[in-house]
Amino acid sequence: MNVGILYSRIRKDEKLLLNELRERDHEVEKIDVRKQTFDISEAPEAFADLDIVVDRCLATSRSLYATQFFEAYGIPVVNSHETADICADKVKNSLALEQAGVPTPATKVAFTKETAMEAIEDFGYPCVLKPVVGSWGRLMAKIDSPDAAEAILEHKATLGHYEHKVFYVQEFVEKPGRDIRVLATDGEPIAGMVRSSDHWITNAAKGAETDVFEPDEDATELVKQASDAVGGGLLGIDLMETEDGYTVHEVNHTVEFKALDGAVDTDIAGTVVDWLEQKAADAAENELEVSA
Ligand SMILES: Nc1ncnc2c1ncn2[C@@H]1O[C@H](COP(=O)(O)OP(=O)(O)OP(=O)(O)O)[C@@H](O)[C@H]1O
C-alpha cells in the first residue's frame, strides 16, 4: 500500500512506524505539513496515489484542518477528523464519554471567573482545573483552597490565551498514585501501562515510572466503549482506578507510544501497521462497492 505520513517533526514514534512500513515494502510518502499547501477544490498531485494517510501532526490546529482536507479529497485518513476534533478538546472529550455512558470524572465548564469559582466550590477542595486544549499535563492545577482558586482564576482570566477563558473544572480523583494508558486500535487494546509517580500528575511526560498493564475484562470493555465514543482510531485511552472501578479521564488521538514501546514486549509498530493495512483494504473495498 501507499501510505502518507502527515507530520511536522519525526519523533521516535514516527520512526518506529516508518521502519515497520518500509520493512514490509510499503511505499511511504512523508508529508511535512509545514511545506504543504492544501487547495480547497482539488488534492495536490502528490497525494493522488495514497491509499491511506496517518495523521501524526504535533500541533492540534494542523491536525484538525489537515484531516478535513484529506476527507474532502476522498483519501482515507486516520484518525478521522471527527475523532481528532473530539479528542483535541477536553470539553468535547468529556461530553462524548459521558453521553456514551463511560464512567468519567465529574466535570463542569464555566466561562467567567465568578462561575468557575462556583464550580470549584461545588466540588470542594481539592479539585482540578485543566486547560481545554493541551497535553503532557501542562498547565493543570490541583486547587487546594479558595485562595489558590482565586489566584489561579485571576491569572488565567488576565494573562491567559482565549482558550484559558474556558474554565474546565473537575473532581479530584483519589487514585492510587498511578494512572493507566491503554493503546488501542478501534477499541482493541494493543498494550497498556501503568504510570506511577509521587506527583499527582502521573503521566509519562512528567517523568512517571512505567510498568506493564494487562487490561482486565472491565478495562477492555471500557477501552472499547471510550474508543467508540470518540469515533474510533488509533487512540490512547487514559484511565484511573477508583474505589468503584475505572474512570476514563481522557482519550488521546495522535497518540505517542514510545514510552509504551519501552515498557511492554508487544510489537507495537507491527500491530499498528497490521491495522493500517486492514483499514486501507477496507477503504479500497468500500470504494469499489460505491463505484460498482
Ligand atoms: N481529575 C483528576 N484527579 C486526579 N488526578 C488527575 C485528574 N485528572 C488528571 N489527573 C492526573 O494528571 C495526569 C494528566 O491528566 P490529563 O491526561 O487530563 O492531562 P493531559 O495534559 O491531557 O495529559 P496527556 O497528554 O498525558 O493525556 C493524569 O495522567 C492523572 O495522573
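Residues numbered from 1 in each chain as written. Predicted model: local features only at pLDDT ≥ 70, side-chain atom pairs only at ≥ 80, totals over all residues. Heavy atoms only, no water.

The protein carries the name Lysine biosynthesis protein LysX in an unreviewed UniProt entry, which gives Natronorubrum aibiense as its organism. Check the Pathway (unreviewed entry) section of the UniProt entry for the protein; it says "Amino-acid biosynthesis." If you open the UniProt record of the protein and go to Sequence similarities (unreviewed entry), you find "Belongs to the RimK family. LysX subfamily." (UniProt positions renumbered as here; feature names shortened; annotations may be inferred.)

(A) Looking closely at the pairing of strand β13 (residues 245-252). When you tally the buried positions in β13, you get seven out of eight residues, the bulk of the element. Bridge analysis of strand β12 (residues 234-242) against β13 gives seven bridges, and the strand direction is antiparallel. Bridging across to β13, G236 finds its partner in N252. Taken together, β12 and the strand that follows it, β13, pair antiparallel across an intervening segment of two residues. (Buried < 20%, exposed > 50% of the residue type's maximum accessible area, 1.4 Å probe, protein only. Helix = DSSP H or I, 4+ residues; strand = E, 2+ residues; numbered from the N terminus. Pairing = 2+ DSSP bridges.)

(B) Fine view of the packing of aromatic side chains. Enumeration over the complete set of coordinates arrives at nine aromatic pairs. Seen from their ring centres, F70 and Y73 are 6.2 Å apart, and the 85° between their planes marks the pair as edge-to-face. One aromatic cluster is present, formed by F38, F47, F69, F70 and Y73 through successive ring pairs. Across the ring face of F123, the terminal group of K108 is positioned such that the distance to the ring centre comes to 5.7 Å. The ring of F172 has K142 sitting right over it, with the charged end atom 4.6 Å from the ring centre. (Phe/Tyr/Trp six-rings, centres within 6.5 Å; stacked < 30°, edge-to-face > 60°. Lys NZ or Arg CZ within 6 Å of the ring centre and 35° of its normal.)

(C) Spotlight on helix α5 (residues 113-123). Buried residues of α5: A116, M117, A119 and I120, and no others. Projection of α5 onto a plane perpendicular to its axis shows the buried side chains occupying an angular sector of 160°, all on one side. Across α5 from its buried face, at more than 90 degrees, point the exposed residues E114, E118 and D122. In this structure, the buried residues of α5 make contact with β5 (107-110), β6 (127-130), β7 (141-143), α6 (146-159) and β8 (167-171). G124 occupies a position one or two residues after α5 and carries a positive phi of about 80°. (Arc of directions from axis to C-beta. Contact = heavy atoms within 4.5 Å.)

(D) Representation of the packing of helix α1 (residues 12-23) against helix α9 (residues 268-291) within the structure. At a minimum axis distance of 9 Å, the contact between α1 and α9 shows a crossing angle of 65°. Like other packed secondary-structure pairs, α1 and α9 cross with a definite hand, here right-handed. Judged by residue contacts, L16, L17, E20 and L21 of α1 engage A269, G270, V272 and V273 from α9. Looking at the contact of α1 with α9 residue by residue, the classes come out as six nonpolar, one polar and one charged. (Axes fitted to C-alpha atoms, helices over the stretch in contact; angles between N-to-C directions. Left-handed = near helix turned anticlockwise from the far one by under 90°. Nonpolar A, V, L, I, M, F, W, Y, C, P; charged D, E, K, R; others polar.)

(E) Structural context of the side chain of R56. Along the chain, R56 falls in the loop between β3 (52-55) and α2 (60-72). One polar contact links the side chain of R56 to the main-chain carbonyl oxygen of V255, over a distance of 2.9 Å. Not counting residues within four places of it along the chain, the set of residues in contact with R56 comprises I5, L6, Y7, R11, D13, E14, L17, L234, T254, V255, E256 and F257. (Polar contact = N/O pair within 3.5 Å; in protein donor to acceptor, adjacent residues only side chain to side chain.)

(F) Focus on the site of the ligand. The full set close to the ligand counts 26 residues, and W136, G137, D179, T202 and N203 are the nearest of them. Interatomic distance of 2.8 Å between a side-chain N/O atom of K130 and an oxygen atom of the ligand. The side chain of D179 places a nitrogen or oxygen atom 2.6 Å from an oxygen atom of the ligand. Look at the ligand: alone it shows 610 Å² of surface, and the protein chains cover 98% of it. At the level of elements, β6, β8, β9 (178-185), β12 and β13 are the ones that each hand at least two residues to the shell around the ligand. At three residues, β13 tops the list of elements feeding residues into the shell around the ligand. (Near = heavy atom within 4 Å. Areas by Shrake-Rupley, 256 points an atom, 1.4 Å probe, with all protein chains shown as cover.)

(G) Broad picture of the sheet that holds β3. Strands sit in the order β2-β1-β3-β4 across an open sheet of four strands; the sheet is parallel. Two strands in the sheet have a free side with no partner beyond their single neighbour: β2 (27-32) and β4 (77-78). Pairing analysis gives two bridges linking β3 to β4, with the strands arranged parallel. Considered in β4, the bridge of V54 is made with V78. Across the sheet, α1 lies against β1 (2-7) and β2, angled at about 150° from β2, the strand it touches most.

(H) Structural view of the sheet that holds β7. One open sheet accounts for four strands, arranged β5-β8-β6-β7; its pairing is antiparallel. Across the chains shown, the open sheet's two edge strands, defined by having one partner strand only, are β5 and β7. Within the sheet, the average angular offset between the axes of one strand and its neighbour, ignoring direction, is 25°. With three bridges connecting them, β6 and β7 associate as antiparallel partners. Across the sheet, the residue bridging to V128 is K142, located in β7.

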